[in-house]
Amino acid sequence: MSAELLTTLQSSLDTGPALPGGIGAAIGEQVETPQIPDVLSILPLRAFVIFPGTVAPLNVRRPASIKLLDETLPQSKVIGLVAQRDESKEEPQPQDLYEIGCAAIVLKLLRQADDHVIAIVQGLRRFALRKIVLTHPYLRAQIALLGSIQPPDSKEWQAAFRNLRDSAGRLLELTPDAPDQASLIVRSIENPEQLVDFLAPNLNVDVAQKQAILEELDVEKRLRAVQTHISSQLEIAQLQQKLQKDVQSQFSDAQRRAYLREQIKAIQRELGEGDTGVDEQREQLRARLDAAKPPAEVMAQADRELKRLEFIPPASPEYSVIVSYVETIAELPWSKLSEDNLDLNEAQKVLDRDHYDLEKVKRRLVEFLAVHKLNPQGHGPILCFLGPPGVGKTSLGQSIADALGRKFVRISLGGIRDEAEIRGHRRTYIGSMPGRIIQELRRAATRNPVFMLDEIDKIGADFRGDPASALLEVLDPRQNNAFVDRYLDVPFDLSQVIFIATANYVDGIPEPMRDRMEVISLPGYTEREKLEIGKRYLIPRQLEENGLKPEQCEWQEEALRLIINDYTREAGVRELERQIGAVCRGVAAQIARGERGRVTVTPQLVGEMMGPPRYVRETRLQTSKPGVVTGLAYTPMGGEILHIEATRYPGKGNVTLTGQIGNVMKESVQAALSLVRSRDGLIGAKPEEFRETDIHVHVPAGAVPKDGPSAGVAMFTALASLFSNTPVRPDVAMTGEITLRGLVLPIGGLKEKSLAAMRAGISTVIIPKLNEKDLVDVPEEAKQKLKFIAVENVDEVLNVALEKNGAANSSPSVAK
């Protein structure tokens, strides 16, 4: 119920505001009821319904309505007031009006200076429109007066009447702006119908609901309808009063605290401890905290620290520690998220733009983005890019960030030994700070960057802790939503961060950490792939970095191939780019001196600038000799071939191993020797030869450490060739682990080893039968140049590898 309506009983016609009319006129000062004619001039009301017995001022602005008053009032003071269905109608027609209205007497007419009229009217009786007799210039209609249906006088009726009166009185008491006499006037009304018709126009409901009450002739139903609206408004008023009291109580407590705080500041100023700059600093920290929008528990912790500042002198060391702590919390991206760009086609374009080939890796990354698009809140896997240096692991992470539209953050974990690098230092230590994870998120200013953990396989450990163990929580998607840095000592949500790790060796990653990551292998590049990468990416980049234009320096493909083969030895392309840059610098020097205007880089020019070749790759054996076998090895720089050499001389059955062979490879030699001795009859050796002969096994490139079980087949073949005095085919290379039963077990790095065999000119590669499934990863170029023979046991190896009458028996299956 509107307080203004209760005190003034207003209405509006057209667009003008109503003027006040007294409650006394509506209730206690009834005028004498005049005769109501059968035909009335009809005045349309907009956004208002008038009831019998109520007094209201009407603001009349429409010319037709003013003309109605001017022509009707000299003959009769009674007019018909009917509400419009649509208040936006400027010239309402009969169909735009409700059928029930109220006859009213015009008590007073006031003409205003701006050509509008204020008519003060009092409702008399309800009527129904029967027939429209005039539509222009204003409406006139034949009406039928309507009477009310009075209920029988009973206790229930009296109780309902008194309940309505009391409810209306309580509502007025709860209305802040209602005058004191309003409640008394309502409680003094003794006629139920008069009370209902007085309250109805003052209800806070729309015109349609008020019109429904006007059209209701049954007084009992009319009373119950008003009671329903009054009860609803009373309940709302009571809730508003309760909320207002609660707010006032809290506000009063805040005022008391502010007053006491000002007293403390005044005392500090008297003692010479007050500092206006300190107060401003605290206010700035408070504003920055509010802008950061941290979670409630974090905000509570920051509030406690800010309150401590009020009692700590600025000169105290603890003061600067607290300020640094609160600043760190305020600068963290608690609620800042980058908007993801999950267009898979665009992501594919970005990956193709930045990286050549790597189709298997790109497909997995697009799948990762697709899952993230369909389920943004899901716990995605932690990816780990595994591969040799220079194959593009770090740049792949940057490409993922570019494709998603996220910021890219990278930290290098190589060589860190302190667990506090990950979890941070406690604030009890001087110079304490958050861990690297929180620091990088603070710099990124977003809670969902692409976070690269570089060189995760090179994390160390000592008496200061194990950083790898601290990373277990970070890399667990089901735990990192509440990562607690020791410096912050409050949880921070890392679940929206996309973590990507990189490593060169899978053996260097602790098993629990490996279990939390999905390892994606990035093998070394083939010569053809390096050639394409050089032409598409490296040469244009080096030309730009050295100030050369494409038309000033043109590269021949053979020159680039020469650098790849003779001046680099790597699985990636990092050294290749450096050597290309060295040639470009030489060309830039010639052009800068004016010696040449345009240079074509040929193999001859590369030789002149780079000098003699730096690397001589192992090639296939030119001649065959008993005891010499070509094996295959996998290194971080890619695959390599190994010439395993075995010789014997008179002795007492001792075995000598050289070439920096590791423990696993030593055990492979022992297993191979036992296997040869168990098959002495098959290979044509005599048992006493093993007792009367010393054996020496050597793996060249003695300065390079070597280890692993995959050379078992080659060791066995070398010893079998030595004791059978049968040469091994020089065009055959082999790899595989052996058992004492003579079985050949699977190995890893088949792709890299195959590429090494292809570069060395090998034509046949013996692989374990169980590695046939890995041939899908071998480049098509290698499959065309190499013949892969899959074997299950060492007897099949000897059938293929040993020369017999100038030709080898190829009975084992040939893998395509």
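Definitions and cut-offs
- All residue numbers refer to positions counted from 1 along the written sequence of the respective chain.
- Selection of residues for local features in this predicted model requires a pLDDT of at least 70, selection of side-chain atom pairs for listing and counting requires 80 or more, and totals for whole chains, interfaces and linings are taken over all residues.
- Remark: hydrogens and water are excluded; side-chain values derive from all non-hydrogen atoms of the structure.
- Runs of H or I in DSSP of at least four residues are treated as helices and runs of E of at least two as strands, each being numbered from the N terminus.
- The rule is simple: take the accessible area with a 1.4 Å probe, protein chains only, and divide by the maximum for that residue type; under 20% is buried, over 50% is exposed, in between is partly exposed.
- Along the arc lie the directions from the helix axis toward the C-beta atoms.
- The criterion used for residue contact is that any of the two residues' heavy atoms lie within 4.5 Å.
- Think of a nonpolar core as a cluster: buried Ala, Val, Leu, Ile, Met, Phe, Trp, Tyr and Cys residues, connected wherever their side-chain atoms sit within 4.5 Å.
- What pLDDT expresses is the predictor's confidence in each residue, scored from 0 to 100.
- In short, DSSP must find at least two bridges between two strands for them to pair.
- Note on method: axes are straight lines fitted to C-alpha atoms, helices fitted across the in-contact stretch only, with angles between N-to-C directions ranging 0 to 180 degrees.
- Pairing of N or O atoms within 3.5 Å defines a polar contact, subject to two protein rules: one partner must be a possible hydrogen donor and the other a possible acceptor, and residues neighboring in sequence count only if both atoms are side-chain atoms.
- The salt bridge definition used is simple: a Lys or Arg side-chain nitrogen within 4 Å of an Asp or Glu carboxyl oxygen.
- Aromatic rings from Phe, Tyr and Trp, taking only the six-membered ring of Trp, are treated as a pair when their centres fall within 6.5 Å; an angle between ring planes under 30 degrees marks them as stacked, one over 60 as edge-to-face, and anything in between as tilted.
- In this scheme, the term charge over a ring applies when either NZ of a lysine or CZ of an arginine sits within 6 Å of the ring centre and within 35 degrees of the ring normal.
- Working rule for helices: expected span equals 1.5 Å times residues minus one.

Asker: How do you make sense of unusual backbone geometry when you look at a structure like this?
Answerer: Backbone phi values are negative for most residues with the exception of glycine, while trans is the configuration of most peptide bonds. For the bond from H136 to P137, the omega torsion is 5 degrees, close enough to zero to count as cis. Mapped onto the elements of the fold, P137 is located in the loop between β5 (117-134) and β6 (139-145). Not every positive phi belongs to a glycine, and A47 is a case in point at roughly 60 degrees. The residue A47 is located in the loop between β1 (39-45) and β2 (55-60) in this model. One non-glycine residue, D489, adopts positive backbone phi at about 60 degrees. With respect to the helices and strands, the residue D489 is situated in the loop between β10 (483-484) and β11 (491-492). Residue class for D489 comes out exposed when judged on its relative accessible area of 54%.

Asker: Sorry, what's going on with helix α20 (residues 557-566) here?
Answerer: Those residues of α20 not exposed but buried are A559, L560, I563 and I564. Taken end-on, α20 shows its buried residues confined to a sector of 140 degrees, consistent with a single buried face. Where the residues of α20 are buried, they touch α19 (527-545), β14 (553-555), α21 (574-593), β15 (599-601) and α22 (603-610).

Asker: I tried to follow the environment of G80 on my own but got confused; where do I start?
Answerer: Mapping G80 onto the fold places it in strand β3 (residues 78-83). Taking the C-alpha atoms as reference, G80 lies 12 Å from Y138; in sequence the two are 58 residues apart. If near-sequence neighbours (up to four positions away) are discounted, G80 is found in contact with L40, S41, I42, L43, C102 and F127.

Asker: Which parts of the structure should I look at to understand the nonpolar core?
Answerer: Generally speaking, nonpolar side chains in soluble globular proteins are found buried as a group. Of all hydrophobic cores here, the largest spans 53 residues; its most connected members are W555 and V601. Other than its neighbours up to four places away in sequence, V601 contacts C553, E554, W555, Q556, A559, V583, V587 and V606. Listed in part, the 52 residues of the second largest apolar core include I422, A444, A470 and M513.

Asker: Explanation requested: the confidence of the model for the protein in the structure shown.
Answerer: The predicted coordinates of low-pLDDT regions are not to be read in fine detail. Here the protein shows a mean pLDDT of 84. Residues at 70 or above account for 90%. When the criterion is pLDDT under 50, residues 2-30 qualifies, and its contacts beyond four places in sequence or with other chains add up to 82 contacts. Under a pLDDT of 50 for its full length, residues 806-811 has, in the predicted model, 7 contacts with residues more than four places off or in other chains.

Asker: Explanation requested: the sheet that holds strand β13 (residues 517-521) in the structure shown.
Answerer: Strand pairing in a sheet relies on backbone hydrogen bonds. The paired strands run either parallel or antiparallel. With respect to topology, 5 strands assemble into an open sheet ordered β8-β9-β12-β7-β13, the strand pairing being parallel. Because the sheet does not close on itself, it has two edges, and the strands there are β8 (408-412) and β13. Averaged over all pairs of adjacent strands, the angle between strand axes in this sheet comes to 25 degrees, irrespective of strand direction. Sheet topology note: the β8/strand β9 (residues 450-454) ladder contains 5 bridges and is parallel. Bridging across to β9, S412 finds its partner in D454. With respect to the sheet, helix α14 (residues 393-404) is in contact with β7 (382-386), β8, β9 and β12 (498-503), its orientation differing from that of β9 by roughly 175 degrees. The sheet contacts of helix α16 (residues 436-444) involve β8 and β9, and relative to β8 the element is tilted by about 150 degrees.

Asker: Would you mind going over the environment of R516 with me for this structure?
Answerer: Of note, R516 is situated in the loop between α18 (511-515) and β13. Look at R516 and you get partly exposed, because its relative accessible area is 25%. Between the C-alpha atom of R516 and that of G611, which follows or precedes it by 95 residues, the distance is 48 Å. Contacts of R516, omitting those with residues within four sequence positions, involve I382, L472, L475, D476 and Q479. Here the side chain of R516 touches L472 through a polar contact of 3.2 Å, landing on its backbone oxygen.

Asker: Is there a simple way to explain the pattern of salt bridges in this structure?
Answerer: Once the charged atoms of two side chains with opposite charge are near each other, the side chains can pair. According to the stated counting rule, one finds 48 salt bridges in the structure shown. Residues D197 and R126 are paired through a salt bridge, measuring 3.0 Å at the closest nitrogen-oxygen approach. Taken as a pair, D197 in helix α6 (residues 192-199) and R126 in strand β5 lie far apart in primary sequence, 71 residues in all. What makes D197 buried here is its relative accessible area of 3%. Notably, a salt bridge pairs E305 with R427, separated by 3.7 Å at the nearest N-O pair. Of the two residues, E305 is situated in helix α10 (residues 296-309) and R427 in the loop between α15 (420-423) and α16; the sequence distance between them amounts to 122 residues.

Asker: Explanation requested: the packing of aromatic side chains in the structure shown.
Answerer: In total, this model carries 4 aromatic pairs according to the counting rule given. Taking the centre distance of 5.4 Å and the plane angle of 40 degrees together, the rings of F451 and F499 count as tilted. One end of the pair, F451, is in strand β9; the other, F499, is in strand β12, with 48 residues separating them in the sequence. Side by side, F451 and F499 carry an identical accessibility label, which is buried. Over the face of the ring belonging to Y325 we find R427, whose NZ or CZ atom lies 3.8 Å from the ring centre.

Asker: Please explain the side chain of T717 as it appears in this structure.
Answerer: Looking at the secondary structure, you find T717 in helix α26 (residues 712-724). Among the polar contacts listed, one links the side chain of T717 to the backbone oxygen of V713, at a separation of 2.8 Å. For T717, the residues in contact, after removing those within four places along its chain, are V629, V728, M734, V797, L798 and A801.

Asker: Teacher, can you tell me more about helix α4 (residues 155-174) here?
Answerer: Side chains of residues three or four places apart in an α-helix project in the same direction, reflecting 3.6 residues per turn. With 20 residues, α4 ought to run about 28 Å at 1.5 Å a step, and its terminal C-alpha atoms sit 28 Å apart, in line with that. Restricting attention to buried positions, one finds in α4 the residues W157, A160, F161, L164, R165, S167, A168, G169, L171 and L172.

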